[in-house]
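The chain contents come next:
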Amino acid sequence: MKKDVIIIGGGPCGLSAAIECGKLGLSSLIIEKYNVVQSIYLYPTNMQFFSTAELLEIGDVPFSTPNDKPYRYEALAYYRKVASHYHLEMSLYEEAYTIEPSNEEGYKVKTKNRKGDITEYEAQHVVVATGYFDHPNFLGIPGEEMDKVTHYFREAHPYTRTKVTIIGGSNSAVDAALELARVDAEIDMVYRGNSISEHIKPWVRPLFEGMVAKGKIKLHLSSRVTEIHENHVVITPIEGEPVELANDFVLAMTGFRPDRKLLTSIGVTMSDDLDKPLFNPDTMESSVPGIYIAGVIASGRNANEVFIESGRWHGKRIAEHIKSKLATVVMEG
């Protein structure tokens, strides 16, 4: 059965888009490569959000928590509840790999499941709401492909009493360093800036600075990791000679980037400077009529341009625009 809207991506912004479409009587299907809100699932196990629960709400469903800022496990439960509440139709563990024009009006979305089975769906409109956690920003240095290196930090326990080098100076790097300090890891934190990010959570910064002052975290500013070896890493300061540090594991907290593959497959225009898709911010419609974007995919190379707090409203703009287009067609008919 042909849908009014296919939504590619089952994160908070994709769920919100499906909810808003449903409120206006539009049929939708969410296609998700992994599980519901995969990006949040990949967050560190004990992570606490920067945002309040109210700013993470979608679909007018209250997000209740006893904490000032909710934790990852609370967000997972909340978004599962919202999806269930609205009876959202979803195809999970199914990857959308192309969007093509349909022989009729609209588009075909081809997918592949874990068994390799190919399925083709049709809809008049497609919303691309894919996230970015599948695509870390690689450093491009020798040794980055080694098993001891990861771009994903889940929890500290496996690193107990080991030597860990953390690359980065943002919230994810600081959070990882604090958790590692609690399990007696030896931590070298390497950041190219002359100070850690100014956007560190305000309630976390003094804890981190206290750990640095006590020598629990060794902070190497204005420096880069330039080589990774089996038992050590090479750190090169902006000014000074390279040094070797004994090392067991490397956590490369270098951020992530959205994947533009689906958008370029259907011909969506990208800006020259930031590899950002061109779209109408009032409707979220891309340069290709009927193809919309929602969530972090609307950002440029800096994925931090769009958060759940702002991306959750994209679905409402999209649904209202699609509904108005369909109403115009009916009137003209």
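See the structure printed just above.
Bear in mind the structure is a predicted one, so any value in this text is a computation, not a measurement.

Take the packing of helix α4 (residues 171–182) against helix α5 (residues 205–213) next. Running from amino to carboxyl end, α4 crosses α5 at an angle of 55°, the nearest separation of the two axes being 10 Å. Relative to α5, α4 is oriented oblique. The chirality of how α4 crosses α5 is left-handed. Judged by residue contacts, Val-174, Ala-177, Leu-178 and Ala-181 of α4 engage Leu-207, Phe-208 and Met-211 from α5. Across the contact of α4 with α5, the residue classes break down as seven nonpolar, no polar and no charged.

Bringing the packing of aromatic side chains into the picture now. Counting across every chain of the model gives eight aromatic pairs. Measuring from centroid to centroid gives 5.8 Å for Tyr-43 and Phe-49, while their planes differ by 70°, and the two rings are edge-to-face. Of the two residues examined, Tyr-43 and Phe-49, each falls in the buried class. Ring centres of Tyr-159 and Phe-249 lie 5.2 Å apart, and the angle between their planes is 85°; this geometry places the pair in the edge-to-face category. In this pair, Tyr-159 is assigned in the loop between β7 (149–150) and β8 (163–167) and Phe-249 in strand β14 (residues 249–252), connecting sequence segments 90 residues apart. Looking at Phe-249, the relative accessible area reads 28%, which means it is partly exposed. Taking NZ or CZ as reference, Lys-112 lies 5.9 Å from the ring centre of Tyr-97, over its face. Across from the ring centre of Tyr-93, 4.6 Å away, lies the NZ or CZ of Arg-114, which sits over that ring.

Let's shift gears to helix α3 (residues 72–85). Here α3 spans 20 Å end to end across 14 residues, near enough to the 20 Å set by a 1.5 Å rise per residue. Residues of α3 that are buried: Arg-72, Glu-74, Ala-75, Leu-76, Tyr-78, Tyr-79, Val-82 and Ala-83. Contact partners of the buried residues in α3: α1 (12–23), α2 (38–41), β3 (90–91) and α7 (308–311). Where α3 terminates, the next one or two residues include His-87, which has phi positive at roughly 50°.

So, how was this worked out
Residues numbered from 1 in each chain as written. Predicted model: local features only at pLDDT ≥ 70, side-chain atom pairs only at ≥ 80, totals over all residues. Heavy atoms only, no water. Axes fitted to C-alpha atoms, helices over the stretch in contact; angles between N-to-C directions. Helix = DSSP H or I, 4+ residues; strand = E, 2+ residues; numbered from the N terminus. Parallel < 35°, antiparallel > 145°, perpendicular 65-115°, else oblique. Left-handed = near helix turned anticlockwise from the far one by under 90°. Contact = heavy atoms within 4.5 Å. Nonpolar A, V, L, I, M, F, W, Y, C, P; charged D, E, K, R; others polar. Phe/Tyr/Trp six-rings, centres within 6.5 Å; stacked < 30°, edge-to-face > 60°. Buried < 20%, exposed > 50% of the residue type's maximum accessible area, 1.4 Å probe, protein only. Lys NZ or Arg CZ within 6 Å of the ring centre and 35° of its normal. Expected span 1.5 Å × (residues − 1).

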